[in-house]
Amino acid sequence: MADRSLRGIRLGAQSLQSEEGVVFHERAQHTYTCTSCGRDTILTFAADAEVPPAWECRTCGAESLLRVGDGTATVDHSGDKTPRSHWDMLLERRTMPELEELLEERLAYVRARRGAGEDMTVDKLSA
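Residues numbered from 1 in each chain as written. Predicted model: local features only at pLDDT ≥ 70, side-chain atom pairs only at ≥ 80, totals over all residues. Heavy atoms only, no water.

Participant: Looking at this model, I keep getting lost on the packing of helix α1 (residues 86-93) against helix α2 (residues 96-114). Mind explaining?
Facilitator: The relative placement of two packed helices is expressed as an angle between their axes plus a distance between the axes. Two numbers describe how α1 lies on α2: the axes approach to 8 Å, and their chain directions differ by 100°. Regarding the angle of α1 to α2, the classification is roughly perpendicular. Note on element contacts: α2 touches α1 through M96, E98 and L99, opposite W87, L90, L91 and R93. Residue classes in the contact of α1 with α2 are distributed as five nonpolar, no polar and two charged. (Axes fitted to C-alpha atoms, helices over the stretch in contact; angles between N-to-C directions. Helix = DSSP H or I, 4+ residues; strand = E, 2+ residues; numbered from the N terminus. Parallel < 35°, antiparallel > 145°, perpendicular 65-115°, else oblique. Contact = heavy atoms within 4.5 Å. Nonpolar A, V, L, I, M, F, W, Y, C, P; charged D, E, K, R; others polar.)

Structure, rendered in structure tokens:
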């Protein structure tokens, strides 16, 4: 049985290609400084790549800014969207009187299914 075993290398363990004739692209290293923890992160980019002015800190997840000379790059956050909640989106579609009317209709439906005879208003519920 041992004389029929296959010999070779493990699949995926080593590359069968050599690096002969391969021309590597020029690279440039850029340093980012975290605005929260102050840690420096060095990233390698292609020399002709557009380098982003901000990167996420690997340690704390805060924003790291590209170091340019003695200072850091400035990032314009004026175009960033603020997240809207479900309540904000609901108020864009309905007014408060419409919402109160819908609530009253829904409460009446629930009371009718439950068989409750007591009439509760929105004022009593919020108290």
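Participant: Sorry if this is basic, but what is going on with a nonpolar patch on the surface here?
Facilitator: On the surface, a nonpolar cluster with roughly 300 Å² of combined accessible area is contributed by W87, L91 and M96. Within the secondary structure layout, M96 lies in helix α2. The class of M96 is partly exposed, set by a relative accessible area of 42%. (Patch = residues over 30% accessible without salt bridge, like charges linked within 9 Å, V, L, I, M, F, W, Y side chains within 5 Å. Areas by Shrake-Rupley, 256 points an atom, 1.4 Å probe, with all protein chains shown as cover. Salt bridge = Lys/Arg side-chain N within 4 Å of Asp/Glu carboxyl O. Buried < 20%, exposed > 50% of the residue type's maximum accessible area, 1.4 Å probe, protein only.)

Participant: Would you mind going over the pairing of strand β1 (residues 27-34) with me for this structure?
Facilitator: Along a regular strand, successive side chains alternate from one face of the sheet to the other. Across seven bridges, the pairing between β1 and strand β2 (residues 40-46) is antiparallel. Counterpart to R27 in the pairing with β2 is A46. Hairpin connection, β1 to β2: the antiparallel pair is bridged by five residues, and G38 has positive phi, about 80°. As paired strands, β1 and strand β4 (residues 63-68) are joined by three bridges and run antiparallel to one another. Paired with C34 across the bridge in β4 is S64. (Pairing = 2+ DSSP bridges.)

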